[in-house]
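Geometric and topological summary
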Amino acid sequence: MRGRLRLAVRLAARDLRHRPGTGLLLLLAMLAATTAMTLALMVRGSAQKPWDYTFAVTNGPHVVVTSLQADAATDAAMTDLMSAPGVVAHSGPHPLLYLPADSLRVNGHGSDVDVMAREGGPSAVDRPALTAGGWVRDGGVVVEESFAVALGLAVGDQLTLAGQPFGVAGIAVTASRQPTPFSNPGLVWATNADVARIAPAAESLGQVLMLRLADPDRAPEFAAANTTVETLILEDWQSTRDEALTDVLFALFGLILGAAAFAMLAAATVAVAVAGRLAAQGRRAALLKAVGATPGFVGLIMLTEYLFFALAAGVAGLVAGANLVPPLARPVAGVLGTVPVPGPSMATVALVLGAATVLMGLSTLVPTVRAARASTVRSLAGPARPPRRSRLAVAVSARLPVPLLLGLRLATRRPGRAALSAVGLSVTVAAGVVALWMEAGISGDTGDTAFIYHKLRVVTYTFVAALVILALVNAVLIAWTTALDNARNSALARALGATPRQVTIGLAFASLLPALLAVAIGIPAGFAAYSVAAAAAGGAEGDPAPAVAGLLALPLVTLLMVAVLTTIPSHLAGRRPAIDALRAD
Amino acid sequence: MSDTTVVAAHGLTKTYGSGPGLVRAVDGVDIAVGSGETVSVMGPSGCGKSTLLHLLSGLERPTGGEILLAGERVEQLSQARWSRLRRHTIGFVFQAFHLVDELTAVENVELPALLAGSPPKRARQKASALLERMGLADRAAHLPSQLSGGQKQRVAVARALVNDPLLVLADEPTGNLDSAATTEVLRMFARLRAQGQTLVMVTHDSRVAAIGDRLMGMRDGAIVDHTHLGDRPSTVDELVFGDLS
């Protein structure tokens, strides 16, 4: 048994080396699918990790209570909250200065800022973690990290607060409020004395109280139940986290859509690549059987080879996906982002490898069994699957110019392959429509929150670019398979009087027909996908429609690229001496 | 033999490989076929007779020598020019039939006419008429898989004739047929000869070769015999069943 297995592995390895081109394309298509799946599975969890880590290290508050002004009723309500049921620890109240606009000035530029008085030893709740320098001292402030990044501040720099000069003593992170630019004004910590020094310039003086709860999950209910005074604002830690991760969550939306589209296209490409390889392997299987291999052993060799593809692509996809996660998952700043994003969990590994094996198994099992069981003599004599006859296509094509006659007949010989090609391209066209619509929706938003779309844009366009590449690989693969499959008919057409150019155009036209269908399906499918996704994300009403120029350019560019790229294998096939193909038959 | 030469070749050569591996598939062949003449080329397998037909039809480019088709030098024509020439001037019959699997008999026959730009209706009429001539009117709507070997070859011959070519080249036309089918095809070629169709047939079957006006023997790429066939059996049945071996 071990000897047979070793022989099967050796023969599979030989076949891999014998057909490296299609093997590489198959591996790339599978890799695309497994990478997309890894990303989709890992980003959501990984996005929260730096924030969760920051929250843990700083002993972040479950509820932040902020007063907008200092008066007796507000102070009393705040004092009551310190001992409210469910509160297990608190820090503060800390004085908070609301300074007028542009009160913080660096190099002549003004920014909005709140100044919180914090000094002494670490507090029980919300202990800002220094990422550079030291803690506050008289004349030295600590700047919240995302705010410092936005202002380009480093330890030792000088700034003014309400006209008073200060040095930057340190830079720190906190989980008690959203980082800049989600939070505006930015945050600076100072000593009590310094706060008192600049307090006269403040618009108002409030206080901040940080609370830890016995049941953190019930923080939203606690905040809602204890909002008893209008001048007190209670914010739970879940809202703070979700707002801090808004851009990542937006990107996740694009990522999930993109991953789904990518997986569909990759599956179509895998099916095409496998069909092409199996067509070529039919004769090899027959040869092996002719020299004594059993159908079971032939099937074992072929399945070994495809299992290798599935596992290799699965492992490579996990590695690639895990490496792409950190830049996508990292919030803009203001968290301890140096925390390493852990590798994929066992569940993710199992899911990705399992899905790769199942996808490959579904694409290969039936044709493998068919090839293993097919008649040896018939497989040695010629192609396994007879072509499909379309009476309508034959009748219609007779009225067309020669290249279109050849092209239409070629396209309808293998309707399954044409359908796979159309599906693959339509997914790409649909993704293009989604990207155009998304762009139309967010490009008009130039306000303070426009930055939250940055990651969504990066993700969407990365996916669209990857989809385009994969779809074009798919188109070339299909054109190549079509050219190979039709080598005899093309050669015969030339022997009967068709010129090489007519045959080349015919082969390219056979690829363009599914592309035309893909455009016709892809554009409405893109509109539908965007509507469904936008509705799931809160509604697309009021989103501007995509630009007409873009919608017109999309199908034209798609058709042009397919035409240009599929001409290459078609041209190569058209140049091969006709008699070679006829002789080989 | 007519005075008008349809196809001629002088010093025609085709080699493959180089150095010690050089193979002379066709080695300095001279041949001339007059209008309405039937020439048989006979020789053992691998002697270069199929390659000779491929050269004469432009399916392969010669290494040396010249080819004249209807008085015009053609050996250096581009593939595209050869394709256009084949549409109207040459009909080719392959040993393996080479019918398009998904096309019916009549659709196979009309294909070269469509490639040559004939209107579909005229192409279909011509194809149907030819199939009738070949005795296959009742098989016109059948796919190749539904035809016997002899019927397939007759369809292939009808296809070769659909554009009224000056010259029909037949490569081992009975090579893939059993004896009953061989008889069918021999009868058809005899009729073509009688109708004045210019024909060059390569074969290793003496019964097929006997149809010709002339018989050329080929060995190792060269023509080694050249015989005018004078007293020949008058009917195909005598050809097929007579003692000709």
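Refer to the structure printed above.
Calculation criteria
Residues numbered from 1 in each chain as written. Chains lettered and ligands numbered in written order. Predicted model: local features only at pLDDT ≥ 70, side-chain atom pairs only at ≥ 80, totals over all residues. Heavy atoms only, no water. Helix = DSSP H or I, 4+ residues; strand = E, 2+ residues; numbered from the N terminus. Buried < 20%, exposed > 50% of the residue type's maximum accessible area, 1.4 Å probe, protein only. Contact = heavy atoms within 4.5 Å. Areas by Shrake-Rupley, 256 points an atom, 1.4 Å probe, with all protein chains shown as cover. Salt bridge = Lys/Arg side-chain N within 4 Å of Asp/Glu carboxyl O. Pairing = 2+ DSSP bridges. Core = buried A, V, L, I, M, F, W, Y, C linked by side-chain atoms within 4.5 Å. Axes fitted to C-alpha atoms, helices over the stretch in contact; angles between N-to-C directions. Buried area = accessible area lost by both parts, 1.4 Å probe. Polar contact = N/O pair within 3.5 Å; in protein donor to acceptor, adjacent residues only side chain to side chain. Nonpolar A, V, L, I, M, F, W, Y, C, P; charged D, E, K, R; others polar.

Considering the overall build of chain A
Each helix and strand counted, chain A has 19 helices and twelve strands in total. In chain A, which comprises 585 residues, the proportion classed as buried is 50%. The contacts in chain A between residues at least 6 apart in sequence include a share of 84% that link residues at least 24 apart. Of the roughly 25200 Å² of accessible surface on chain A, 66% is carried by carbon and sulfur atoms.

Observations regarding the pattern of salt bridges
It is possible for side chains bearing opposite charge to pair when their charged atoms get close. Residues and elements named next belong to chain B. By the definition in use, this model includes 16 salt bridges over all chains. Across the pair arginine 24 and aspartate 27 runs a salt bridge, and its minimum N-O distance is 3.9 Å. Given a relative accessible area of 44%, arginine 24 falls into the partly exposed group. Overall, the relative accessible area of 32% leaves aspartate 27 in the partly exposed class. One salt-bridge network, in which partners are shared between bridges, spans Glu66, Arg73 and Glu75.

Here we look at the pairing of strand E8 (residues 158-161) of chain A
Residues and elements named next belong to chain A. Only one face of E8 is covered, namely the one carrying Leu159 and Leu161; the face carrying Gln158 and Thr160 has none of its residues buried. One ladder, built from two bridges, connects strand E3 (residues 104-106) with E8; its direction is antiparallel. Residue pairing for E8: leucine 104 is matched across the bridge by leucine 161. The sheet contact formed by E8 and strand E9 (residues 164-173) spans four bridges and is antiparallel. Paired with leucine 159 across the bridge in E9 is phenylalanine 166.

Points about the nonpolar core
The tendency in soluble globular proteins is for nonpolar side chains to be buried as a group. Judged by nonpolar contacts, the single largest core of 90 residues is most densely connected at Leu131(B) and Phe189(B). Top contributing element to this core by residue count: helix H3 (residues 105-115) of chain B, with seven residues. Dropping the residues within four chain positions of it, Leu131(B) is found in contact with Ala105(B), Val106(B), Val109(B), Leu136(B), Ala137(B), Ala140(B), Val155(B) and Ala158(B). Ranked by size, the runner-up nonpolar core spans 60 residues in total, among them Ala266(A), Leu467(A), Leu477(A) and Leu559(A).

Here's the deal with the sheet that holds strand E2 (residues 23-34) of chain B
Residues and elements named next belong to chain B. On the basis of which strands lie adjacent, the open sheet formed by four strands has the order E2-E1-E4-E5 and antiparallel pairing. Bordering the open sheet on either side are E2 and strand E5 (72-73), each of which pairs with just one other strand. For strand E1 (residues 5-16) and strand E4 (residues 64-69), the ladder comprises five bridges, and the chain directions are antiparallel. Paired with alanine 9 across the strands is isoleucine 67, a residue of E4. Relative to the sheet, helix H1 (residues 49-56) contacts E1, E2 and E4, its axis offset from that of E1 by approximately 120°.

Description of the interface of chain A and chain B
Contacts between chain A and chain B engage 29 residues on the former and 26 residues on the latter. Carbon and sulfur atoms make up 61% of the area that chain A and chain B hide from each other, which totals about 2500 Å². The largest share of the area that chain A buries against chain B comes from Arg389(A), Leu496(A) and Ile579(A), three residues that together contribute 24% of it. On inspection of chain A and its partner chain B, the count reaches three salt bridges. Where Arg413(A) meets Glu102(B), a salt bridge forms, and the shortest distance between an N and an O atom there is 2.5 Å. Applying the counting rule to chain A against chain B returns ten residue pairs in polar contact (both at pLDDT 80 or more). At the level of secondary structure, the elements contributing two or more residues to the side of chain A that touches chain B comprise helix H13 (402-413), helix H16 (487-495), helix H17 (500-536) and helix H19 (578-584) of chain A. It is H16(A) that contributes the most residues to the side of chain A that touches chain B, six residues altogether. When grouped by side-chain class, the residues that make up the side of chain A that touches chain B number 15 nonpolar, four polar and ten charged.

Section: the sheet that holds strand E7 (residues 167-171) of chain B
Residue and element names in this part refer to chain B. Here we have six strands laid out as an open sheet, ordered E6-E7-E8-E3-E9-E10, and mixed in their pairing. Each edge of the sheet is formed by a strand with only one pairing partner; in this case those strands are strand E6 (90-93) and strand E10 (222-228). With direction set aside, neighbouring strand axes in the sheet form an average angle of 15°. Both strand E9 (residues 214-219) and E10 contribute to a ladder of six bridges, which runs antiparallel. When the sheet's bridge partners are listed, leucine 215 is paired in E10 with threonine 227. Contacts from helix H2 (residues 79-89) reach E6 and E7 within the one sheet, and its direction differs from that of E6 by about 85°.

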